[in-house]
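In case you want the letters, here they are:
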Amino acid sequence: MSRTFGTTNPQETKMELAHRTLARRAAAESFVLLRNEHRTLPLAPGRIALYGIGVRRTVKGGLGSGSVSERYSVTIEQGLVHAGFTVTTTRWLNDFDHTYEKAYQAWHDMVEGKVAGLTDPTKIIPLAHSYVFPYPTSRPVTEEDIEESDTDTCLYVLTRQAGEGLDRKPEKGDFYLTDAEEQDIALLARRYPKFILAVNVGGLVDFSFLDAIPGIDAIVLFVQGGEEGGNALADVLTGKRNFSGHLADTIPLSYADVPSARTFSDLDGDDQNDTYHEGIYVGYRYYDTFGKSVRFPFGFGLSYTTFSESCTGFSQIGDEVTVRVRVKNTGAVSGRQVIQLYLLLPQTEFRSETKRLAAFDKTKDLAPEEEEERKLSFRLSDAAVYDEARSAFVLQRGTYVLCLGEDSRHLTPAAAFFLREHHIVLQCRSCCAPTGKIEELCPPKTSPLSLPEDIPLLPIREEEIPARTVRYEEPTVKESRADKAFLDSLTDKELVRLVIGGNLMQADPGSFEITGAGGKTPTCFAKKGLQNLCFSDGPAGINIAERVYLLPGGKEAPAAVPERYQWGILAHSLDRLKDQNLPIVYREATAWPVETLLAQSWDPGLLEEIGDATGEEMEAFGISVWLAPAMNLHRNPLGGRTFEYYSEDPLISGKLAAAITRGVQRRDGKFVCLKHFACNNGENNRNGISENVSERALRELYLKGFAIAVREGQPGTLMTSYNMLNHTYTANRHDLVCDILRCEWGYEGLVMTDWSSTNEKAADPAACMLAQNDLIMPGTPFDRSALEKAVTEGRLKRAQILPCALRLLHLVEQGLPALDAAGEEAEAGDGRKA
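Every chain is numbered independently, its residues counted from 1 as its sequence is written. The predicted nature of this model means local features are confined to residues of pLDDT at least 70 and side-chain atom pairs, given and counted, to a pLDDT of 80 or more, with totals for whole chains, interfaces and linings taken over all residues. Processing note: side-chain calculations cover all non-hydrogen atoms of the structure and skip hydrogens and water entirely.

Quick notes on helix H14 (residues 650–665)
- Helix and strand assignments follow DSSP, with helices taken as H or I runs no shorter than four residues and strands as E runs no shorter than two, numbered in order from the N terminus. The span one expects for a helix is its residue count, reduced by one, times 1.5 Å. Taking 1.5 Å of rise per residue, 16 residues should cover 22 Å, and H14 covers 22 Å from first to last C-alpha, within 8% of that figure.
- Taking burial as the measure, the 16 residues of H14 include 13 buried ones, the bulk of the element.
- Where H14 begins, the side chain of Asp-649 points an oxygen toward the backbone nitrogen of Leu-651, at a separation of 3.0 Å. Burial classes: relative accessible area under 20% of the type maximum marks a residue as buried, over 50% as exposed, and values in between as partly exposed (1.4 Å probe, protein chains only). Any pair of N or O atoms that falls within 3.5 Å is considered a polar contact. Within protein, one atom must be able to donate a hydrogen and the other to accept it, and sequence-neighbouring residues count only if both atoms are side-chain atoms.

Points about the packing of aromatic side chains
- Stacked, edge-to-face and tilted are the three classes for Phe, Tyr and Trp ring pairs, Trp counted by its six-membered ring, which pair at centre distances within 6.5 Å; planes under 30 degrees apart are stacked, over 60 edge-to-face, the rest tilted. This structure, assessed with the given rule, holds 31 aromatic pairs.
- Seen from their ring centres, Trp-107 and Phe-133 are 5.3 Å apart, and the 55° between their planes marks the pair as tilted. With Trp-107 in helix H3 (residues 90–115) and Phe-133 in the loop between helix H4 (121–129) and helix H5 (143–149), the pair connects residues that are 26 residues apart, well separated along the chain. Phe-133 matches Trp-107 in its accessibility class, with the two residues each being buried.

Here's the deal with the sheet that holds strand S12 (residues 338–344)
- On the basis of which strands lie adjacent, the open sheet formed by five strands has the order S13-S12-S17-S18-S20 and mixed pairing. Looking along the sheet, the strands with just one partner apiece sit at the ends: strand S13 (355–362) and strand S20 (457–459). Within this sheet the neighbouring strands show an average axis-to-axis angle of 25°, counted without direction.
- Two strands pair if DSSP finds at least two bridges between them. Relative to strand S18 (residues 410–419), strand S17 (residues 398–407) runs antiparallel, the two sharing nine bridges. Each residue of the ladder has a partner; that of Leu-402, found in S18, is Ala-415. Note on geometry: axes are C-alpha line fits, over the in-contact stretch for helices, and angles between N-to-C directions span 0 to 180 degrees.

Some words on the pairing of strand S24 (residues 547–550)
- Bridge analysis of S24 against strand S26 (residues 584–586) gives three bridges, and the strand direction is antiparallel. In the strand pairing of S26, Tyr-549 is matched with Ile-584.
- When S24 meets strand S25 (residues 556–558), the two strands line up antiparallel, connected through three bridges. Within the sheet, the bridge partner assigned to Tyr-549 lies in S25 and is Ala-557.
- Hairpin geometry of S24 and S25 is characterised by an intervening segment of five residues between the two adjacent antiparallel strands and by a positive phi of about 85° at Gly-553.

Notes on the side chain of Arg-356
- Relative to the assigned elements, Arg-356 resides in strand S13.
- By relative accessible area, Arg-356 is classed as buried at 5%.
- A polar contact is formed between the side chain of Arg-356 and the backbone oxygen of Asp-382, at a distance of 2.9 Å.
- In contact with Arg-356, other than residues within four places in its own chain, are Tyr-284, Arg-285, Leu-341, Tyr-342, Leu-343, Leu-345, Asp-382, Ala-383, Ala-384, Val-385, Glu-700 and Lys-704. Should any heavy atoms of two residues lie within 4.5 Å, those residues are considered in contact.

So, the confidence of the model for the chain
- The pLDDT averaged across the chain works out to 95; a share of 98% of its residues lies at or above 70.
- For every residue, the predictor reports its confidence as pLDDT, a number between 0 and 100. Counting contacts from residues 826–833, a segment whose pLDDT is below 50, to residues more than four positions away or on other chains yields 15 contacts.

Describing the sheet that holds strand S2 (residues 47–51)
- Judged by pairing direction, the sheet is mixed, and its six strands sit side by side in the order S1-S6-S5-S4-S2-S3 without closing on themselves. Single-partner strands in this sheet number two, and they are strand S1 (32–36) and strand S3 (86–87).
- Note that strand S5 (residues 194–200) and strand S6 (residues 218–221) share four bridges and pair parallel. Paired with Ala-198 across the strands is Val-220, a residue of S6.

Written out as structure tokens, the structure reads:
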């Protein structure tokens, strides 16, 4: 392809400005107000004291492949200044800047020493990223600082950073506050009449300090707000927008209360195995079932207004239950309300969690006294439990109570459904079972449900609920005459190259290149008429080089090395191009709020908007596959990539992933890639650890979100994970990729490996083909050699590669026309495009 995607005009495009507005709204509608005593918020713009690392170094997103090099990012200080506030603690902030810069330089020099002598970028970057910069301790806040600030209002920003490749630690300065942070917060809370705490962390911190420190009037869970986070925070602090976010995770009283606290990752000294002894009891499923007190329950969130909710009708048609809910704004300001529906589950044959989120929705912005009625639907079969003895999903006999919830702890029964006999909804076969028995938590006995007399008890017509028996067989892939002719023209060695990603280190002749793209389909078949597609990392936005030089002959090179890659010889790798007066193409992508924050919106419509906007950027920048959304569950708050994932709950994860998928794939030839399939719930030794989990917990929790996203979003691609699942690599598990994904869920799209998850010490490339894991990424000489050897030795037959090759062809065939159309538009455009 000879055309270039992007714009030669350095000014902000209409697309950028529109997406910036959406990013700001998305963050504002996702922040959670955890506390607001004495109506401290909203604030009128005026004098404000700001302290904490995140005031000027607000973390917009986590570290790793999901980072985005956006044009600009608004800090919390900048956002408040934009809103009309006067910051009165400039001296303290300047002093911290000096401390920070000195500590960062020392750390930077240390990392440079570690990568010195290395020349391979694939070695330099992961090694450099394995060293996370520990934020320095600021100088203590003094009485002089407080007096000098001359205001009654203070905001402290508590900040942490984490990322790919390394889990967090239960230590001071990471999950726990440092002594200095606690001392500063205690002093500030005592001395300022209005003290607000903003938590700028891509997951959680230990909130035990709230028990010891009085005077913290308001708490905002900021998470990581993307490029517009600072402006969005100012919007909700001033009441320009109302808070409408709700927790998508339970906040426990202490880390010790997390059921996997002692054994998560390598905390028990074993970095080869992480065994899920908690079983299905994760998040609110654990805390609420076992009667554990929590600091803030799942689904909790405050607003500047109040609402009333009532159920106005129910219906069951087949497997689907529809509930009508009327919401009224009973307060004095406008706002949006999250509607939460829970099912209380019977405990007749199988012990289960006491409740399960069944459906959710979000109202429009309601004016005071305004009402809205919404319809929420859910499938009864999604309330089934997995019976390992029968290898089946079973609806238990007994009473199911439908409740409206302010959160998972404050429920109002609205209706009850009664099932006379157990009903198998899906007959499966055992897949991905553990190699030995896993001792799991056993919940306490519960008393029979006592139903209020005024709620209806409706019979479940089990004969109307579909019951399916899965047929397990090797899926067939449609083959056109053109497909057959192309594949028949390939030698076995060429066929092997068709199921390996394109060379990331250098461009093959005739290949289509987008600088900074995280991956490509095979690039060596241009002479045979098969052009390649380019992939971008995610999920916080499009992760490519934001500015590139146009070189003679139509090639391109980065105009600057992104800061996160400025290590060793890479830091000066582009110096030779700076003085050549080369034309520059701009590809400025949006840094969206991280998935953990977006999940707090509880708003599939918002996620679909963001998906559509991301698809628009993919069209503009020549990207066909976005390596997002990421869908692993928040099993433990120490997970290094928690910020990349949505929630502890699979329904929220699946529904929101499906929404963003629909948004992206609304545009022809643009696809998402659900990841990481499955149980990539930790980062330490992710290429060597086995995540050991019972089949029931696997199916009811860790696969359920993927199942929902596949069913409701129909993603074009999906990515397996680095880890082993019950001692077999996920990339090699036929029972995971073929039996569950393809046979049980009906998935027809392409499956790819995670990057370099196949190597001498990890997943086997030949076994990927046998599992129908179609594309090995990013593609290395080892992968090619291993596949060729397997074919030569007869361990892998040509016929076993062909289905994988066909799926790759289908993806490219769908993606290329969209690139051609976008290129024609760019060439005939308004002069702003290249």
